[in-house]
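Summary of structural features
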Amino acid sequence: MEDLAEKGLQVVVGLAAFAAIIGLVMLVVDRAPKSSREKIQIAGFLAPALILLAVGLVLPALQTSYLSFTDRTGAFVGLDNYVWMFTQPEALITLRNTVIWVVVVPSLASAIGLAYAVFIDKARGEKTLKALVFMPMAISFVGAGVIWRFVYAYKGAEQDQIGLFNQILVWLGQEPKQFLLDAPENTFFLIAVMIWIQTGFAMVVLSAAIKGIPTEIVEAARLDGASAWQQFRNVTIPTIRGSLIVVVTTITIGTLKVFDIVRTMTAGQYETSVVANEMYTQAFRAGEPGRGAALALILFLMVLPIVVFNARLLRKQKEIR
Amino acid sequence: MSTIPAENTKDVFPELKEKSDDRPPIQRRVKQRLTSRGATIAAVLIAVIWTIPTFGLFVSSFRPEANIKGNGWWNVFTDFEFTLANYEDVLSPGGSQSPNLLSYFVNSLAIVVPGTIFTLVLGAMAAYMFAWGRFKGKDSLFIFVFALQIVPLQMALIPLLQLFNQVLAIGDFQLLPSGTYAQLWVAHTIFGLPLAIFLLHNFIAEIPGEVIEAARVDGAGHSTIFWRIIVPLATPALASFGIFQFLWLWNDLLVALVFSGGGADVAPITQRLAELQGSRGGEWQRLTAGAFVSIIVPLAVFFGLQRYFVRGLLAGGLKG
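Residues numbered from 1 in each chain as written. Chains lettered and ligands numbered in written order. Predicted model: local features only at pLDDT ≥ 70, side-chain atom pairs only at ≥ 80, totals over all residues.

For chain B, the helix and strand inventory stands at 16 helices and 2 strands. The buried share among the 320 residues of chain B stands at 45%. In chain B, the proportion of contacts linking residues at least 24 apart, taken out of those at least 6 apart, comes to 73%. (Helix = DSSP H or I, 4+ residues; strand = E, 2+ residues; numbered from the N terminus. Buried ≥ 20, exposed ≤ 12 C-beta atoms within 10 Å, placed from the backbone. Contact = placed C-beta atoms within 7 Å.)

In structure tokens form, the structure reads like this:
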């Protein structure tokens with residue numbers, strides 16, 4: 001109880017301090033001398049956010065870039081950390097896994113999400129069916145990790161299985177399997193968790209896009225005798241192309257940064273590490289901030305082209321409109 | 001991250017508008033239903049596969065420890081036993097060995113609520129100026145802030161921790177003391193700002209200019225306009241983004257791991273749950289109940305505010 005009061009006090013003090021800062025800004029802004037009031041007002045509104053971003057994001061990102069050329073003592077070592085990344089077997093496995101994640105998750109999550117969105121379009125109980133697949137979006141990656149580790153749980157063949165997958169294997173007459181320990185396929189069992197989470201996102205966005213297709217087009221295609229598959233390929237896909245690309249790129253970026261799933265399910269052991277997890281391990285567990293920084297920079301360089309592509313596409317679409 | 005483009009096929013196929021189906025409506029409906037029978041089965045199958053993992057965990061969290069560890073949760077249909085003991089165990093304070101989740105649950109709330117408020121207020125203030133202020137270099141500055149979204153937060157973690165613990169400290173005094181929520185609030189606010197500014201700007205820029213001009217003519221300054229006009233009119237956007245920010249912060253693990261120190265006095269429930277998985281990976285009676293305690297808030301937010309949630313998603317935004 002005492003504990004609770006102390007935590008409550010912290011929150012109250014924090015909120016009060018924030019309110020005081022904002023109040024002070026507003027006061028200064030309102031009392032500014034007439035001649036320069038506009039300028040001071042603009043500065044007052046922008047300053048809190050811009051200072052935080054400069055000190056907390058821009059500067060640190062530059063420091064990290066420099067850090068990636070130093071070793072654990074802080075001495076400048078040139079490209080050593082990058083050489084390590086692209087030559088050491090453990091680091092190469094991390095890069096390989098990240099590539100696998102980025103290829104498999106966006107394509108499967110989008111494909112399943114699209115198929116589901118088409119299947120349930122105008123079906124009875126559409127809302128409920130949507131909510132069921134969308135629900136994992138709200139669950140934390142950590143929570144999802146527990147949920148799926150339970151699905152993958154392993155007991156020796158002589159015992160009753162408590163994990164659903166191993167029980168299914170046993171029902172099929174197979175030996176139970178250590179889903180998370182056996183490389184290299186264990187990476188795919190981690191990937192399944194990410195697909196489980198992201199499919200709902202793909203489904204909701206694509207479903208909204210499908211509903212935006214004018215009924216006239218669909219009717220016309222049907223009049224021309226197009227089969228369901230032909231309608232899907234020649235009408236649905238081209239019309240929702242823009243949304244499809246946004247979905248794929250958004251999931252790709254999320255997948256590149258995936259950390260929690262790997263961290264909580266295997267901690268990157270058994271050859272399952274990915275770049276974002278390895279960055280944390282090197283920088284905050286292994287005492288190698290230089291290597292961690294180099295991995296962070298690689299992450300940035302992988303995200304960059306996707307975002308640029310996305311932004312250019314959006315601009316093009318705006319021009320068409 | 002980006003807006004979902006509106007589809008503009010109506011303009012592309014104007015000639016299609018005039019055609020219509022001249023078959024009687026009943027015949028049309030029958031045809032549609034026949035083609036969708038197989039699709040419905042496939043859809044139900046996907047829905048079941050997507051739901052079963054969560055359902056299994058939920059059922060297990062109410063089974064006695066011996067049952068959870070002894071056999072699969074599907075046995076509950078033949079051998080029914082119900083208990084709340086797992087929840088009592090994970091929630092109640094105890095020795096250092098007990099999960100003590102109630103304490104971490106409080107931490108999560110104490111981190112997430114101020115973290116969301118700070119981001120919303122500062123983001124809206126900056127967004128307002130980017131939308132309606134007049135100053136040189138506005139557009140390039142805005143594009144720069146927008147571009148900051150692509151910097152993964154991994155890029156900032158190492159120097160930011162040093163900044164908090166060494167630079168912003170004089171002797172024993174720390175501006176943002178470690179072992180309190182302050183570092184987490186500020187870190188979350190920083191990482192949330194680029195997207196907040198971008199999304200809120202898009203909305204605030206759509207507010208009719210006459211409303212703001214009229215207030216200005218009446219002699220209102222920026223602070224009056226902001227609090228009296230912008231904030232009330234932007235409430236839908238603030239609500240949508242607020243829900244997302246709330247869920248992201250609640251579900252965060254990485255920022256918590258770096259800045260919380262990990263004790264029961266600061267760390268959020270996700271961090272505790274991750275710890276329990278590592279150190280007591282086989283204690284399924286605790287993990288199942290603990291997982292549900294941790295996902296109950298996001299699920300409540302999700303089912304309670306699903307409409308805003310979906311709207312926010314479509315209006316453009318998913319932080320990777």
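Time to look at the overall build of chain A. A count of helices and strands for chain A gives 14 helices and 0 strands. Going from N to C terminus, chain A has its helices and strands arranged as α-α-α-α-α-α-α-α-α-α-α-α-α-α. Computed over C-alpha atoms, the radius of gyration of chain A comes to 26 Å, more than 25% over the 20 Å expected from 2.2 N^0.38 for 321 residues, which places it beyond the range of a compact globule. When its C-alpha atoms are laid out on the principal axes, chain A stretches across 75 × 60 × 55 Å. Burial status across chain A gives 46% buried among its 321 residues. When contacts within chain A are restricted to residue pairs at least 6 apart in sequence, long-range pairs at least 24 apart make up 65% of them. (Rg over C-alpha atoms; globule rule 2.2 N^0.38 Å.)

Between helix H2 (residues 37-67) of chain A and helix H8 (residues 154-167) of chain B, the shortest axis-to-axis distance is 7 Å and the interhelical angle comes to 95 degrees. For the element pair H2(A) / H8(B), the angle class is roughly perpendicular. Taking contact as the criterion, the partners of A:Gly56, A:Leu57, A:Pro60, A:Ala61, A:Gln63, A:Thr64 and A:Leu67 in H2(A) are, on H8(B), B:Met155, B:Ala156, B:Ile158, B:Pro159 and B:Leu160. Among the residues forming the contact of H2(A) with H8(B), the class breakdown is 9 nonpolar, 3 polar and no charged. (Axes fitted to C-alpha atoms, helices over the stretch in contact; angles between N-to-C directions. Parallel < 35°, antiparallel > 145°, perpendicular 65-115°, else oblique. Nonpolar A, V, L, I, M, F, W, Y, C, P; charged D, E, K, R; others polar.)

What follows concerns unusual backbone geometry. All names here are of chain A. Unusually for a residue other than glycine, Ala 267 sits at a positive phi of about 60 degrees. Considering the arrangement of structural elements, one finds Ala 267 in the loop between helix H12 (260-265) and helix H13 (275-285). Residue classification places Ala 267 among the partly exposed residues on the basis of 17 C-beta atoms within 10 Å. Phi at Glu 271 takes a positive value of approximately 60 degrees, unusual for a residue other than glycine. Looking at where Glu 271 falls in the secondary structure, it is placed in the loop between H12 and H13. Here Glu 271 falls in the partly exposed class, since 18 other C-beta atoms lie within 10 Å of it.

Take helix H3 (residues 37-60) of chain B next. All names here are of chain B. For H3, spanning 24 residues, the distance from its first C-alpha to its last is 34 Å, which sits close to the expected 34 Å at 1.5 Å a residue. Its maximal kink placed at Ile 52, H3 deviates by approximately 35 degrees, while the proline Pro 53 follows within four residues. Among the residues making up H3, those that are buried are Ala 43, Ile 46, Ala 47, Trp 50, Pro 53, Thr 54, Gly 56, Leu 57 and Ser 60. (Expected span 1.5 Å × (residues − 1). Bend = angle between axes of the 7 residues up to and from the residue.)

Our focus in this paragraph is the nonpolar core. Generally speaking, soluble globular proteins have nonpolar side chains that are buried together. In terms of nonpolar packing, the biggest core is built from 176 residues, with A:Ala49, A:Leu206, B:Ala126, B:Tyr128, B:Ile197 and B:Leu200 touching the most fellow members. In this structure, this core is formed jointly by two domains, domain 1 (2-67) and domain 2 (80-320) of chain A, each of which donates at least three residues. Ignoring anything within four residues of it in the chain, the contact list for B:Tyr128 reads A:Phe45, B:Ile204, B:Phe226 and B:Ile230. (Core = buried A, V, L, I, M, F, W, Y, C linked by C-beta atoms within 7 Å. Domains from an automatic or database assignment.)

Residue-level contacts link 105 residues of chain A with 95 residues of chain B. A total of 16 residues in the side of chain A that touches chain B trace back to one element, the largest contributor, which is H2(A). Residue classes in the side of chain A that touches chain B are distributed as 73 nonpolar, 21 polar and 11 charged.

Here the focus is the packing of helix H6 (residues 141-152) of chain A against H3(B). Close contact between H6(A) and H3(B) brings their axes to 9 Å; oriented N to C, the two are set at 90 degrees. The orientation of H6(A) relative to H3(B) falls into the category roughly perpendicular. Here A:Val146, A:Ile147, A:Trp148, A:Phe150 and A:Val151 of H6(A) lie close against H3(B), whose contacting residues are B:Pro53, B:Thr54, B:Gly56 and B:Leu57. Of the residues contributing to the contact of H6(A) with H3(B), the split by class is 7 nonpolar, 2 polar and no charged.

With respect to the helices, strands and loops of the structure, A:Leu313 is situated in helix H14 (residues 289-320). The spatial distance from the C-alpha of A:Leu313 to the C-alpha of A:Gly242 is 8.4 Å, given a sequence separation of 71 residues.

What follows is about the environment of A:Thr87. Residues and elements named next belong to chain A. The topology assignment puts Thr 87 in helix H3 (residues 80-87). By the C-beta count within 10 Å, which is 9 here, Thr 87 ends up exposed. Measuring from C-alpha to C-alpha, the distance between Thr 87 and Thr 264 comes to 27 Å, with 177 residues separating the pair along the chain.

Residues and elements named next belong to chain B. When pLDDT is averaged along chain B, the result is 80; 84% of the residues meet or exceed 70. Here helix H1 (residues 9-12) is the element of chain B with the lowest mean pLDDT, 35, and helix H6 (residues 101-132) is the one with the highest, 93. In the predicted structure, residues 1-23 sits below a pLDDT of 50 and forms 48 contacts with residues beyond four places in sequence or in another chain. As a predicted assembly, this complex carries a pTM of 0.84 together with an ipTM value of 0.85. (pLDDT = per-residue confidence, 0-100.)

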